[in-house]
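# Remarks on the overall topology
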Amino acid sequence: MTLFPHAGTRAAKLTVLGIGVAFMATACGGSSTPTASESTTAAAAGIACPAPGSTGGSSAPATGGGGGGAVPPSKGSTATPLKLGSLLPTTGSLAYLGPPEIAGVNLGVKEVNDAGGVLGKPIEVVHRDSGDTKTDIATQSTNALLGQGVNAIIGAASSGVSKTVINQITGAGVLQFSPANTSPDFTTWDDKGLYWRTAPSDVLQGKVLGNYMATCGAQTVGMIVLNDAYGTGLAKNIKAAFEGAGGKVVAEELFNEGDSQFSSQVDKVLAAKPDAIALITFDQAKSIVPLISGKGAKPSQMFLVDGNTSDYSKDFQAGTMLGAHGTFPGTFANEAFTKKLLQIDPALKDFTYGGESFDAVNLIALASEAAGSTSGPEIAKQLKGVSESGEKCSNFSSCVTLLREGKDIDYDGQSGPVTFSDAGDPTEAYIGIYEYTNDNKLKPLQSEFGKL
């Protein structure tokens, strides 16, 4: 199977993605990005990314939330209701991810409770800020959540933040479930079986982005990388994929969380004259992108990742991002689901990881029902089972109905099919590829489905 349309005269030399990934067309479609012209500080990039495929339809799940018909009563009971905590960012470098994630959690809780709750009781949720790695907010919030007796904590968004609290959470016998952590390090973490996530490891996103830059015609790449678990882990996988496709990484400049000056990194990367520039950052991109543009590089040379692929319409002049690309783990949120999120939070501007957060609530609730317990370790024992090899269902009410009828279930949610490994990682997932329009907003292009 041809996984990528060819791009440029060099495309025949490229080794495209060989991990069971295929492009899916989106409802949006769109043309290829502009070709970069000669620059005094960057190479004549010749970037011309492939147009979306034509295999039809949006890759996002068609269903979502609600469910129909009466839900039978639970056959189990619990003395203590299932109590969730959220550890998601409302301050710090990932604060823009907080609103859709929190809305996803709140939507999940609402739909679980609308269906009668878990084990005969409504579930509860307590929200706390995770901050970022520059502060101790996550530890303080975790202490507060554990003190309130939560059974599971949804978060953190940042892999670096999760590393500061994972031992504290799992050591207390509480389930930790992240909707956004992508560091491969968690796959082998000694977490007593209590760490799970709906976001796929950066092994997949890195392979997708590395290969995608190659299909756009790039022969060389320069990278500006956040020096933490997220940034260096993702950079490693992007580099492996790009070089495996015949390209060369000609510059790789690191910076630390809390840095505010990036001229040195930008100058060194542009001095190497790369065809493409990979920005592996969080909101530091707001400072880095103008520096790159000011040196004459074209926006079509820039490739972003989930940590910074966001709406820049209020940050930059029109056209600053035109033709730049970015990737996100997960499918494109469908209209029915985004409407539900907007009912929860009408101020939402994007929906990043909202589906993963919604799915985290549903999976925890279903596993609790299957376990007949609200204990974190008992819930964890059932998470893999409710995600695979049963009758497919896509919302809490329909899934819990099947469980209460004595049937095995396979939950497929808003973030994709999920299907956990023994380590708590999704074994199959979508990666969405986006393109920036003239107003510096995102346009979905296509999404890839892959198995790890």
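Predicted, not measured: the structure shown is a model, and the values here were computed from it.

## Quick look at the environment of Gly 450
- Mapping Gly 450 onto the fold places it in strand S15 (residues 442–451).
- Gly 450 sits in the buried class, given a relative accessible area of 1%.

## What to know about the nonpolar core
- Within the largest apolar cluster, 58 residues are counted, with the highest numbers of intra-cluster contacts made by Met 213, Met 223, Leu 279, Ile 280, Ile 292, Phe 303 and Met 321.
- In terms of residue count, the dominant contributor to this core is helix H4 (residues 202–215) (6 residues).
- Non-local contacts of Met 321, meaning those with residues more than four positions away in its chain, are made with Val 289, Pro 299, Met 302, Leu 304, Tyr 312, Phe 316, Tyr 436 and Asn 440.
- In this structure, Val 105, Leu 366, Phe 396 and Cys 399 belong to the second largest nonpolar core, which totals 43 residues.

## A look at the state of the cysteines
- What the rule picks out here adds up to 2 disulfides.
- Note that Cys 49 is cross-linked by a disulfide to Cys 216, the S-S spacing being 2.0 Å. Residues Cys 49 and Cys 216 share a disulfide whose torsion about the S-S bond is about 110°; that sign makes it right-handed. Of this pair, Cys 49 sits in the loop between strand S1 (22–25) and strand S2 (83–88) while Cys 216 sits in the loop between H4 and strand S7 (220–226), and the two are 167 residues apart along the sequence. Summarising the burial analysis for this pair, Cys 49 and Cys 216 share the class buried.
- Here Cys 393 connects covalently by a disulfide to Cys 399, the sulfurs 2.1 Å from one another. Here the disulfide of Cys 393 and Cys 399 is right-handed, its torsion about the S-S bond being about 115°. Cys 399 matches Cys 393 in its accessibility class, with the two residues each being buried.
- The connectivity of the disulfide-linked cysteines in the protein chain, indexed sequentially, is 1-2, 3-4.

## Looking at the sheet that holds strand S6 (residues 195–197)
- With parallel pairing, 5 strands are arranged side by side in an open sheet as S3-S2-S4-S5-S6. Two strands bound the open sheet, and with one partner strand each, they are strand S3 (124–129) and S6. Averaged over all pairs of adjacent strands, the angle between their axes in this sheet comes to 20°, without regard to strand direction.
- Sheet topology note: the S2/strand S4 (residues 152–155) ladder contains 4 bridges and is parallel. Looking across to S4, one finds that Gly 85 is bridged to Ile 153.

## Looking at unusual backbone geometry
- For the bond from Gly 155 to Ala 156, the omega torsion is 0°, close enough to zero to count as cis.
- The backbone of Lys 192 shows a phi angle near 60°, a positive value even though the residue is not glycine.
- Tracing the sequence through the fold places Lys 192 in the loop between strand S5 (175–178) and S6.
- Notably, Thr 419 is not glycine yet its phi reads approximately 50°, a positive angle.
- In this structure, Thr 419 sits in the loop between strand S13 (409–411) and strand S14 (428–436).
- Looking at Thr 419, the relative accessible area reads 14%, which means it is buried.

## Notes on the pairing of strand S9 (residues 276–280)
- With respect to burial, S9 is a largely interior element, 5 of its 5 residues being buried.
- In S9, alternate side chains face the same way, and those of Ala 276, Ala 278 and Ile 280 on one face and Ile 277 and Leu 279 on the other are all buried.
- Relative to S9, S7 is paired through 5 bridges, and the arrangement is parallel. The residue of S9 that forms the bridge with Gly 222 is Ile 277.
- Read as a crossover between parallel neighbours, the route from S9 over helix H7 (residues 285–294) to strand S10 (residues 302–304) is right-handed.

## Observations regarding the packing of helix H1 (residues 98–114) against helix H8 (residues 335–344)
- The geometry of H1 relative to H8 is characterised by a closest axis approach of 9 Å and an angle of 95° between their N-to-C directions. The angle between H1 and H8 falls in the class roughly perpendicular. Residues Ala 103, Gly 104, Asn 106, Leu 107, Lys 110 and Glu 111 of H1 form the contact with H8, whose own contacting residues are Phe 337, Lys 340, Leu 341 and Ile 344.

So, how was this worked out
Residues numbered from 1 in each chain as written. Predicted model: local features only at pLDDT ≥ 70, side-chain atom pairs only at ≥ 80, totals over all residues. Heavy atoms only, no water. Helix = DSSP H or I, 4+ residues; strand = E, 2+ residues; numbered from the N terminus. Buried < 20%, exposed > 50% of the residue type's maximum accessible area, 1.4 Å probe, protein only. Core = buried A, V, L, I, M, F, W, Y, C linked by side-chain atoms within 4.5 Å. Contact = heavy atoms within 4.5 Å. Disulfide = S-S within 2.5 Å. Pairing = 2+ DSSP bridges. Axes fitted to C-alpha atoms, helices over the stretch in contact; angles between N-to-C directions. Right-handed = clockwise from strand over helix to strand, strands pointing away. Parallel < 35°, antiparallel > 145°, perpendicular 65-115°, else oblique.

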